[in-house]
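Here is how the chains run, residue by residue.
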Amino acid sequence: MTEKETSDINQESLELIKTFLSETGATPEVGGDALDWHTEPLPEDHRSGFIALIGRPNVGKSTLLNALLGQKVSIVSKKPQTTRQRVQGILTLPTYQAIFIDTPGIHARPHLRIGERMVESAVSAIPEADIILFVVDVSVAPHEDDQRIAALLAGKAPECPVIFVLNKMDQLQLEEAEERIEAYWALLPSYADSMPTSATRGTNVLKLREHLVAQLPLGPRYYPHHQVTDQTDRQIAAELIREGVLRYTHQEVPHAAAVLINEYEEHENHVIYIDATLWVERESQKGIVIGKQGQMLKKIGAAARQQLERMLGQRVYLDLYVKVRTKWREREQDLRELGLT
Ligand SMILES: Nc1nc2c(ncn2[C@@H]2O[C@H](COP(=O)(O)OP(=O)(O)O)[C@@H](O)[C@H]2O)c(=O)[nH]1
Ligand SMILES: [Mg+2]
C-alpha cells in the first residue's frame, strides 16, 4: 500500500469517527451543545429497527458493522468463520435507533455441530429483521452460496427492504467492474437497492447508513442511548482473546479454539481482573497456542488486554490458561457452556 493510500484511509476513518461522535453527542464539538439524553423527549417520528447483515463467510460483514457504528463491537479476521454468534451493534441518535445484527457466514456445507449452529443462527436473523443488508465480496465472482442466500431472501423481500452491499470495491479492477456488478445483480430480482462499499476504507459507509435509516419504521428506543452492543463485558473479553488466536495462529488452530471467562471482576484499585481458559481440541494445538516459552500465549493475551484497556479505560490483568477439550465443537453440552447454542 502506498503512503498516499494509507493517509486517505486514515482521513476517511477519521471523518467517519468524527461524524459519528458529533452526531451521537459523545464528544461535543467545541462550542456545540451536548445532547441532554435524559430530558430530551423522543421526537414523534422517531424511527427504530433491526438491520441484519447477511452473507457468506469472509465478505466483510463484521468490518462493515464496525464501520457503520464508528466503533468496534465485532471481531474481524482474514480467516473465514470468525463470527460464531449473532452480535448486535446499537447506533442511537436523537431521531433514530438502528440495531445492526452481525451474523456468522451462511454456506452450504457446514461441518460439525458448531458449523450447523452458526448457519442456523444467521438464517434465523432473516425473519426477525426490518431491513436486510445482503453483503457480497465484489472483488470475486458470485459464489453458489451467494445464490442460495439470494433465494433465502427472495421470500422476505416484499415486506422487508433488502439492500445489496457490494463490498470490497477497493479490490475491484476497473476493467472487470461492469461485468462483475451485472453478475451480482443477476442474483436478485428488481426489488433490491444496491450500494458499493469498502468497509475497510469507509467508502460509502455513511451513505449506506443514511440510505437505510430512511427506511427504518417508526418505533421506540429499544436500548438505553449509551449501550453500543448486546454483548456483556465478559463476552467482549472472550471474543478479543479469540481474535488474538485468529490473528496469530493458522490452519485448524483458530477454528479449534474457544474462550471461556471464569472470572471477571473489578478490584479495589480499579484494575479489572480476568481469569480465562482457552480451549483447543488437541495436545498439538495446545503446544502451538502456548508457543516456545509461552511466547505465543503472551502475544495473544497482550493483544486482547491492550484492546480491552482502551475500551474500558481501565487497567486489565489477564490470567489465561490453555486446556485441551477434545471435540468440543461437536458436543452440545460444550457449545451450550460457550453460549453457542
Ligand atoms: N480490501 C478489503 N478488505 C475488506 C473489506 N471489508 C472487509 N475486508 C477484509 O475481509 C476480511 C474478512 O472480514 P470480516 O469482517 O471478518 O468478514 P465476515 O466474515 O463477513 O464478518 C478481513 O481481513 C477484513 O479486513 C473491504 O471493503 N475491502
Ligand atoms: Mg464476521
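Residues numbered from 1 in each chain as written. Chains lettered and ligands numbered in written order. Predicted model: local features only at pLDDT ≥ 70, side-chain atom pairs only at ≥ 80, totals over all residues. Heavy atoms only, no water.

### Brief notes about the sheet that holds strand 8 (residues 272-280)
Pairing within the open sheet is mixed, and its 3 strands lie in the order 7-8-9. The two strands at the open ends of the sheet, each matched to only one other strand, are strand 7 (258-266) and strand 9 (316-324). Across the sheet, the axes of successive neighbouring strands diverge by a mean angle of 15°, strand direction being ignored. Bridge count between strand 8 and strand 9: 9 bridges; the pairing is parallel. Following the sheet pairing, Ile272 is matched in strand 9 by Val316. Helix 8 (residues 233-248) contacts strand 7, strand 8 and strand 9 of the sheet and is inclined by roughly 135° relative to strand 7. With respect to the sheet, helix 10 (residues 283-290) is in contact with strand 8 and strand 9, its orientation differing from that of strand 9 by roughly 155°. (Pairing = 2+ DSSP bridges. Helix = DSSP H or I, 4+ residues; strand = E, 2+ residues; numbered from the N terminus. Axes fitted to C-alpha atoms, helices over the stretch in contact; angles between N-to-C directions. Contact = heavy atoms within 4.5 Å.)

### Section: the coordination of the magnesium ion (ligand 2)
The protein atoms that coordinate the magnesium ion (ligand 2) are Ser62 (OG) and Thr83 (OG1), at distances spanning 2.0 to 2.1 Å. Placement of Ser62 in helix 2 (residues 61-69) and of Thr83 in the loop between helix 2 and strand 2 (87-92) is noted, with a sequence separation of 21 residues between them. Per residue, the accessibility class of Ser62 equals that of Thr83, and both read buried. (Donors = N, O, S within 2.8 Å, 3.2 Å for Na, K, Ca; no water. Buried < 20%, exposed > 50% of the residue type's maximum accessible area, 1.4 Å probe, protein only.)

### What to know about the sheet that holds strand 4 (residues 131-137)
Spatially, 6 strands are ordered 2-3-1-4-5-6 in an open sheet, and the strand pairing comes out mixed. Strands with a single pairing partner mark the edges of an open sheet, and in this sheet they are strand 2 and strand 6 (193-196). Strand-to-strand twist of the sheet, defined as the mean angle between neighbouring strand axes without regard to direction, takes the value 20°. Judged from the 6 bridges that link them, strand 4 and strand 5 (residues 162-167) form a sheet pairing that is parallel.

### A word on helix 11 (residues 295-312)
An α-helix turns once every 3.6 residues. As a result, residues three or four positions apart point the same way. Under the 1.5 Å per step criterion, the end-to-end length of helix 11 is 25 Å for 18 residues, consistent within 8% with the ideal 26 Å. Along helix 11, the positions that sit buried rather than exposed are Met296, Leu297, Ile300, Gly301, Ala303, Ala304, Gln307 and Leu308. In a view along the axis of helix 11, the buried residues occupy a sector of 155°, so they form one face of it. Exposed positions of helix 11 whose direction lies more than 90 degrees from the buried face are Lys298 and Arg310. Here the buried face of helix 11 lies against helix 8, strand 8, helix 10 and strand 9. (Expected span 1.5 Å × (residues − 1). Arc of directions from axis to C-beta.)

### Remarks on unusual backbone geometry
If a residue is not glycine, its phi is most likely negative; likewise, a peptide bond is most likely trans. Notably, Asn204 is not glycine yet its phi reads approximately 65°, a positive angle. Considering the arrangement of structural elements, one finds Asn204 in the loop between strand 6 and helix 7 (205-213).

### Some points on the site of ligand 1
Of all residues adjacent to ligand 1, which total 16 residues, the nearest are Asn58, Lys61, Thr63, Asp170 and Ala199. Between an oxygen atom of ligand 1 and a side-chain N or O atom of Lys61, the distance comes to 2.8 Å. The separation between an oxygen atom of ligand 1 and a polar side-chain atom of Thr63 is 2.5 Å. In a pocket analysis with a 2 Å cut-off to the grid points, ligand 1 is assigned to the largest pocket. Here the residues of the shell around ligand 1 are counted per class, giving 3 nonpolar, 9 polar and 4 charged. (Near = heavy atom within 4 Å. Polar contact = N/O pair within 3.5 Å; in protein donor to acceptor, adjacent residues only side chain to side chain. 1 Å grid on protein atoms, 1.4 Å probe; cavity = no way out; pocket = protein on both sides within 12 Å on 5 of 7 lines; lining within 4 Å. Sits in = over half its atoms within 2 Å of the grid points. Nonpolar A, V, L, I, M, F, W, Y, C, P; charged D, E, K, R; others polar.)

### A short note on the environment of Ser124
Mapped onto the fold, Ser124 is located in the loop between helix 3 (112-123) and helix 4 (125-128). Classification of Ser124 as partly exposed rests on a relative accessible area of 30%. Sequence-wise, Ser124 and Thr103 are 21 residues apart; in three dimensions their C-alpha atoms are separated by 9.6 Å. Polar contacts involving the side chain of Ser124 include one to the main-chain carbonyl oxygen of Ser121, which spans 3.0 Å.

### Quick notes on the side chain of Arg56
Topologically, Arg56 is positioned in the loop between strand 1 (47-54) and helix 2. Residue classification places Arg56 among the buried residues on the basis of a relative accessible area of 14%. With sequence-adjacent residues up to four places away left out, Arg56 is seen in contact with Lys61, Gly105, Ile106, Val135, Val140, His143, Asp145, Asp146 and Ile149.

### Digging into the layout of surface pockets
Here the largest pocket defines a volume of roughly 1100 Å³. Every residue lining the largest pocket is counted, 39 residues in all, and those nearest its centre are Ser62, Thr63, Val76, Ser77 and Thr200. Put simply, the parts of the chain that give the lining of the largest pocket at least two residues each are helix 1 (3-24), helix 2 and helix 8. Counting residues per element, the lining of the largest pocket draws most heavily on helix 2, which supplies 5 residues. Of the residues that constitute the lining of the largest pocket, the class distribution is 11 nonpolar, 19 polar and 9 charged. (Points joined across faces, edges and corners; volume = space filled by probe spheres on them.)

The analysis is restricted to geometry; functional conclusions fall outside its scope.
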